[in-house]
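Analysis of the macromolecular model
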Amino acid sequence: MQTRLKKIGITPTRSLGQNFLKDESIAEREVNAADVKEEDTVLEIGPGLGTLTDEIVEVAGKTIAVEKDEKLVGYLAGRYKDYDFQIIEGDVLDIDIPDFDKVVSNLPFSISSPVTFKLLEHDFDLGILTYQKQFADRMRASVGEEGYCRLSVMVSTLAEVECLFDISRNQFYPPPNVDATVIRLTPTEPEFDLHYPKTFASVVKELFNYRRKKIKNSIETGFDVEIEDVPYGERRVETLTPEQIAELTEYLIENDIIESIEGG
Ligand code: SAM
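Residues numbered from 1 in each chain as written. Predicted model: local features only at pLDDT ≥ 70, side-chain atom pairs only at ≥ 80, totals over all residues. Heavy atoms only, no water.

**Considerations on the domain arrangement of the chain**
The assigned domain composition of the chain is domain 1 (2-187) and domain 2 (197-254). Computed from C-alpha coordinates alone, the two centres of domain 1 and domain 2 are separated by 32 Å. Counting from both sides, the interface comprises 9 residues of domain 1 and, opposite them, 13 residues of domain 2. Contact between domain 1 and domain 2 buries roughly 830 Å² in total, counting both sides, with carbon and sulfur atoms accounting for 74%. Linking domain 1 with domain 2 are 0 salt bridges. In this structure, the connection of domain 1 to domain 2 is made through 2 residue pairs in polar contact (both at pLDDT 80 or more). Considering only residue class, the side of domain 1 that touches domain 2 consists of 5 nonpolar, 3 polar and 1 charged. (Domains from an automatic or database assignment. Contact = heavy atoms within 4.5 Å. Buried area = accessible area lost by both parts, 1.4 Å probe. Salt bridge = Lys/Arg side-chain N within 4 Å of Asp/Glu carboxyl O. Polar contact = N/O pair within 3.5 Å; in protein donor to acceptor, adjacent residues only side chain to side chain. Nonpolar A, V, L, I, M, F, W, Y, C, P; charged D, E, K, R; others polar.)

Okay, structure coming up:
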């Protein structure tokens, strides 16, 4: 692997989360878990040297890869020229992601949070995604548990998360500081009425921006409004279930305290 990196002129960069998977059998396990069919378009974020991509292109109808490092982009375009493979050079957080059915990625850990929020705005069948172990625990935290946060609320509302297996840090070159976990993310319908999903997302964001404040104060500061009282006004956000936050969102819209951003 070091020889290949040298040939392409890459010195792994920490800020790009460049920890490359060494073991092909792990890549195979991840792609098997995605159960990719010939009709599937698979998105890969950060293909790197292509350890996962090698497996994906063999089974996917089409592969779309987004890579920020321009040196890798040229290398990957050449490597997969005989496949239905589209490479987009850029920051996945800045681009409009084309439609896809499945996403399989060993994500750069530094963008785990924003990239997960971005993926959840898309309509797709499933994701096989590698995160830091601790991050995956936060994704699955319920109200009252340690780590319950904006991410836990959004993920538990819009998807199911299942931990599949761990990857030791030593399976990457260079090794990151922590071990990783592969999860299956399956977008689902919310288990409660969610009439204003976009506004809900923005309320969740503001409430967790001011997580130490009481709900009434977080709403006032976050949305620059003045209110007499709201449901759960004296509580803190970490004590509210996603359903209660959805109820609060409806109250705020229906009482003209904030505007709905649906369709906007
Ligand atoms: N998939 C490869 C593997 O498993 O060996 C590489 C994974 S490495 C953890 C992360 C990759 O994401 C690197 O290739 C890095 O250049 C790329 N990357 C980092 N930040 C990115 C961003 N914001 N948008 C797109 N790609 C990014």
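Still to come is the rest of the account.
**Considerations on the site of the ligand**
Surrounding the ligand, one finds 22 residues, the nearest of these being Gln18, Leu21, Gly46, Glu67 and Asn106. Leu21 is positioned with one of its backbone polar atoms (N or O) 2.8 Å from an oxygen atom of the ligand. At a separation of 2.6 Å, an oxygen atom of the ligand approaches a polar side-chain atom of Glu67. When residues of the shell around the ligand are traced back to their parent elements, those giving at least two are strand E1 (20-21) and strand E3 (62-67). (Near = heavy atom within 4 Å. Helix = DSSP H or I, 4+ residues; strand = E, 2+ residues; numbered from the N terminus.)

**Concerning unusual backbone geometry**
Here the bond from Tyr173 into Pro174 is cis, since omega is -15°, no more than 30 degrees from zero. Within the secondary structure, Pro174 is located in the loop between strand E8 (172-173) and strand E9 (180-187). Here Tyr232, not a glycine, exhibits a phi torsion of approximately 65°, which is positive. With respect to the helices, strands and loops of the structure, Tyr232 is situated in the loop between helix H9 (215-223) and helix H10 (242-254). Despite not being glycine, Asp256 has its phi angle at roughly 55°, a positive value. Note on placement: Asp256 falls in the segment after H10. By relative accessible area, which is 71% here, Asp256 ends up exposed. (Buried < 20%, exposed > 50% of the residue type's maximum accessible area, 1.4 Å probe, protein only.)

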